[in-house]
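Analysis of the macromolecular model
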Amino acid sequence: MTAPSPHTEIDGVPATDPELLAALLSGYGHFTAMQVRDGRVKGLALHLDRLDRSTRELFDRKLDGGRVRGLVAGALANAGRRDASVRVYVYPGVRTVVTVADPAPDGPGAPQRLTTVDYWRPAPHIKHLGGFGQRFHGEAARRAGYDEALLTSPYGEISEGAVTNIAFWDGTSLVWPSAPCLHGVTMALLERRLESVRRPVGVADLTCYRAAFVSNSRTIAPVTAIDEVAFAVDGELMGRVYSAYDSVEWDRL
């Protein structure tokens, strides 16, 4: 005799798909986040490749990019939007969820003040769910008056922000930390268009750099301080960075 499925409600409303609900509550999965403008996405192939690679690693199954494009386009149409912030989540059973929200503001992001924390994400190459540690440190950083947490090893090697990548400028080279991190889509697009290197960056090295910026799917913003180390906003550098990102073509869904 088969045991009945547990009765579950969300905000007082019975969940209509127990299998999907179980997947969502497992907290095991991955996602990608993108900005959509006029039904187009920058770096769409990178987003689709990320989703497929992570699905193969976590669930030993492929994820068809054409299906993902169709799901995103359908969700946008159902929401009546051409511009949006979109997330695609993949859960056990390769259950795929798309969320559509207000788009992030276009243009340069506001300058950021960061504080270092001793924390590296597990399996940092995957944009995975269950990011309690980075959310915890990010919220603590904001309560302390900072904009973002900067994740480091116990030995002070810098990897990434809680929800961003970070790059440094020494006056000659643009440097991305080589420590394990999520190679974000925005970071990948900039790497293709700006001469840059990856090498270890430590907290003790910060005074060797003239400028820094952070990037993710929502923003590219200069960094004005990391803990007690101040950075000038290098207008020439940021101009090149913004110009490089603006040169990326928009791919139709």
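Since the structure is predicted, the reported quantities are computational estimates derived from the model, not experimental observations. (Residues numbered from 1 in each chain as written. Predicted model: local features only at pLDDT ≥ 70, side-chain atom pairs only at ≥ 80, totals over all residues. Heavy atoms only, no water.)

Quick word on the nonpolar core
Formed by 18 residues in total, the largest nonpolar core has its most connected members in Val-68, Val-86 and Val-88. Elements supplying a minimum of two residues to this core: strand E3 (30-37), helix H2 (44-59), helix H3 (65-79) and strand E5 (84-91). Considering each element in turn, this core owes the most residues, five residues, to H2. Beyond its immediate stretch of four places on either side in the chain, Val-86 contacts Thr-32, Ala-33, Met-34, Val-36, Val-72, Leu-76, Val-98, Thr-99 and Val-100. (Core = buried A, V, L, I, M, F, W, Y, C linked by side-chain atoms within 4.5 Å. Buried < 20%, exposed > 50% of the residue type's maximum accessible area, 1.4 Å probe, protein only. Helix = DSSP H or I, 4+ residues; strand = E, 2+ residues; numbered from the N terminus. Contact = heavy atoms within 4.5 Å.)

With respect to the packing of H2 against helix H5 (residues 185-193)
At a minimum axis distance of 10 Å, the contact between H2 and H5 shows a crossing angle of 130°. Accordingly, the angle class assigned to the pair H2 and H5 is oblique. Our pair here, H2 against H5, has a crossing hand that is right-handed. Judged by residue contacts, Leu-46, His-47 and Arg-50 of H2 engage Val-185, Ala-188, Leu-189 and Arg-192 from H5. Tallied by class, the residues present in the contact of H2 with H5 amount to four nonpolar, one polar and two charged. (Axes fitted to C-alpha atoms, helices over the stretch in contact; angles between N-to-C directions. Parallel < 35°, antiparallel > 145°, perpendicular 65-115°, else oblique. Left-handed = near helix turned anticlockwise from the far one by under 90°. Nonpolar A, V, L, I, M, F, W, Y, C, P; charged D, E, K, R; others polar.)

Looking at the pairing of strand E12 (residues 196-199)
Of the pairings in the sheet, the one linking strand E11 (residues 174-177) to E12 comprises four bridges and is parallel in character. Looking at the pairing, Leu-174 lines up with Ser-196 of E12. (Pairing = 2+ DSSP bridges.)

A few points about the sheet that holds E3
Within a sheet, neighbouring strands are paired by backbone hydrogen bonds and run either parallel or antiparallel to one another. With respect to topology, five strands assemble into an open sheet ordered E6-E5-E3-E4-E16, the strand pairing being antiparallel. The sheet terminates laterally at strand E6 (95-101) and strand E16 (250-252), the two strands that pair on one side only. Each strand axis lies, on average, 35° off the axis of its neighbour in the sheet, ignoring direction. Examined bridge by bridge, E3 and strand E4 (residues 40-42) share two bridges and lie antiparallel to one another. Of the residues in E4, the one forming a bridge with Arg-37 is Arg-40. Along the sheet, H2 makes contact with E3, E4, E5 and E16, crossing E3 at roughly 165°. Taken strand by strand, H3 contacts E3, E5, E6 and E16, and its axis lies near 40° from that of E6.

Let's talk about the environment of Pro-108
Looking at the secondary structure, you find Pro-108 in the loop between E6 and strand E7 (112-118). According to the relative accessible area criterion, Pro-108 is exposed, its value standing at 57%. Along the chain, Pro-108 and Thr-32 lie 76 residues apart, while their C-alpha atoms are 21 Å from each other. Apart from residues no more than four positions distant in its own chain, Pro-108 is found in contact with Ile-220 and Tyr-242.

Comments concerning the packing of H5 against helix H6 (residues 235-246)
Viewed as axis vectors pointing N to C, H5 and H6 meet at an angle of 105°, and their least axial separation amounts to 9 Å. The orientation of H5 with respect to H6, classified from their angle, is roughly perpendicular. Together, Thr-186, Leu-189, Leu-190 and Arg-193 of H5 and Val-241, Ala-244 and Tyr-245 of H6 make up the contact between the two elements. Class assignment of the residues belonging to the contact of H5 with H6 gives a composition of five nonpolar, one polar and one charged.

From the geometry alone we can't say anything about function, so treat these as descriptive.
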